[in-house]
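# Fold and contact review
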Amino acid sequence: SSRVSPTQLACPLDLGCHSVIYSVLNQRRGHVIGEEQRPGTPLYNIKAYLPVMESFGFTAVLRAATAGQAFPQSVFDHWQQFTGNPLEAGTKANQIALNIRKRKGLSAELPDLDRYMDKL
């Protein structure tokens, strides 16, 4: 399973940064769940779900892509089952598992199950 955080993004209406926000969210496996204009302000709120693993560095990428006009606010929301088999080479789940292993300083290849079997 993977952790999902709802991310609330705000940007000025007149800058047209919505398409850039959608692009950045799509690159990071995010899903928009709502949009609304903040009453009395020129700001537009976009609410989205973003996997926690994809949120690392998200703020910097988003602010760079929107020239500092959009700013996110994230909190943990729920767990969601990740589809795919992490043991099948070439799948997105496998790529994510390998990236996590690399980040944690583990060997790049997934260990064989016999490594964990009793040797008695």
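Residues numbered from 1 in each chain as written. Predicted model: local features only at pLDDT ≥ 70, side-chain atom pairs only at ≥ 80, totals over all residues. Heavy atoms only, no water.

## Side note on the nonpolar core
With 11 residues, the main nonpolar core is built from Cys17, Ile21, Val24, Leu25, Tyr44, Ile46, Ala48, Leu50, Phe58, Leu62 and Ala70. Counting residues per element, the ones that place at least two in this core are α1 (18-27), β3 (43-51) and α3 (58-65). Among the elements that line this core, the one with the most residues is β3, at 4 residues. (Core = buried A, V, L, I, M, F, W, Y, C linked by side-chain atoms within 4.5 Å. Buried < 20%, exposed > 50% of the residue type's maximum accessible area, 1.4 Å probe, protein only. Helix = DSSP H or I, 4+ residues; strand = E, 2+ residues; numbered from the N terminus.)

## Here's the deal with α1
Listing the buried residues of α1 in full gives His18, Ile21, Val24 and Leu25. Looking down the long axis of α1, one finds its buried residues gathered within 125° of arc, a one-sided arrangement. For α1, the exposed residues set more than 90 degrees away from the buried face come down to Ser19, Asn26 and Gln27. Arg29 sits one or two positions beyond α1 and adopts a positive phi of about 60°. (Arc of directions from axis to C-beta.)

## What about the environment of Asn85?
Mapped onto the elements of the fold, Asn85 is located in the loop between β5 (78-80) and α4 (92-103). Judged by its relative accessible area of 36%, Asn85 is partly exposed. Distance in space between the C-alpha atoms of Asn85 and Ala97 is 9.8 Å, their sequence separation being 12 residues. Asn85 has contacts with Thr91, Ala93 and Asn94, leaving out every residue within four places of it along the chain. (Contact = heavy atoms within 4.5 Å.)

## A short note on the pairing of strand β2 (residues 31-37)
Alignment of β2 against β3, held across 6 bridges, turns out to be antiparallel. When the sheet's bridge partners are listed, Glu36 is paired in β3 with Asn45. Hairpin connection from β2 to β3: 5 residues lie between these consecutive antiparallel strands, with Gly40 at a positive phi of about 80°. (Pairing = 2+ DSSP bridges.)

## Here's the deal with the pattern of salt bridges
Close approach of charged atoms allows side chains of opposite charge to pair. The full count for this structure, using the stated rule, is 1 salt bridge. Among the ionic pairs, Glu54 bridges to Arg29, the shortest N-O distance being 3.0 Å. Of this pair, Glu54 sits in helix α2 (residues 52-55) while Arg29 sits in the loop between α1 and β2, and the two are 25 residues apart along the sequence. Judged by relative accessible area, Arg29 falls into the partly exposed class, the value being 23%. (Salt bridge = Lys/Arg side-chain N within 4 Å of Asp/Glu carboxyl O.)

It is worth stressing that arrangement in space is one thing and function is another; only the former is reported here.
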